[in-house]
Amino acid sequence: KKFREDLFYRLTRFEIKIDKFGPKITRIYYDNGLKTITSEKSECRYSFARDFVFENATRMGSDGISHFAGWMGKTYYLQCKDSLGNKGERIKIKPY
């Protein structure tokens, strides 16, 4: 068969953004319970144990960006994870 010279090529461009960072907790406050706001949709969990393990911690209620839990008057250890599995910094919240 003879090579066809009437073939055409289409150029497609795309951009890949790699997300290696977990969600940031941008606000923490008390409003009839512990409330937090994150920088992106995420799942947040807390524990009262210093040796916090995310998978074993208690899941906070959430709409994706706002997260809430009951107030126990104890020190909370809190961490959030995005949909790609990136975990943010673990923080310590102490009641006064």
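The structure reproduced in this document is the subject of the present report. None of the values given here were measured: they were computed from a predicted structure.

Here we look at the overall build of the protein chain
In step 1: For the protein chain, the helix and strand inventory stands at zero helices and eight strands.
In step 2: For the protein chain, the N- to C-terminal ordering of α and β elements is β-β-β-β-β-β-β-β.
In step 3: Its C-alpha atoms give the protein chain a radius of gyration of 22 Å, more than 25% over the compact-globule value 12 Å for 96 residues.
In step 4: With respect to the three principal axes, the spread of C-alpha positions in the protein chain is 80 × 25 × 15 Å.
In step 5: When burial is assessed residue by residue, the protein chain has 31% of its 96 residues classed as buried.
In step 6: If you take every contact in the protein chain between residues at least 6 apart in sequence, the share linking residues at least 24 apart comes to 53%.
In step 7: Accessible surface for the protein chain amounts to roughly 7,900 Å². Of this, 50% is attributable to carbon and sulfur atoms.
In step 8: Side-chain charges of the protein chain comprise 20 positive and 12 negative groups, with the mean position of each set lying 2 Å from the other.

Digging into unusual backbone geometry
In step 1: In this model, Asn32 sits at a positive phi of 55 degrees, which is unusual for a non-glycine residue.
In step 2: Mapped onto the elements of the fold, Asn32 is located in the loop between strand S1 (25–30) and strand S2 (34–38).

About the criteria used
Residues numbered from 1 in each chain as written. Predicted model: local features only at pLDDT ≥ 70, side-chain atom pairs only at ≥ 80, totals over all residues. Heavy atoms only, no water. Helix = DSSP H or I, 4+ residues; strand = E, 2+ residues; numbered from the N terminus. Rg over C-alpha atoms; globule rule 2.2 N^0.38 Å. Buried < 20%, exposed > 50% of the residue type's maximum accessible area, 1.4 Å probe, protein only. Contact = heavy atoms within 4.5 Å. Areas by Shrake-Rupley, 256 points an atom, 1.4 Å probe, with all protein chains shown as cover. Lys, Arg positive; Asp, Glu negative; His and termini not counted. Charge placed at Lys NZ, Arg CZ, Asp CG, Glu CD.

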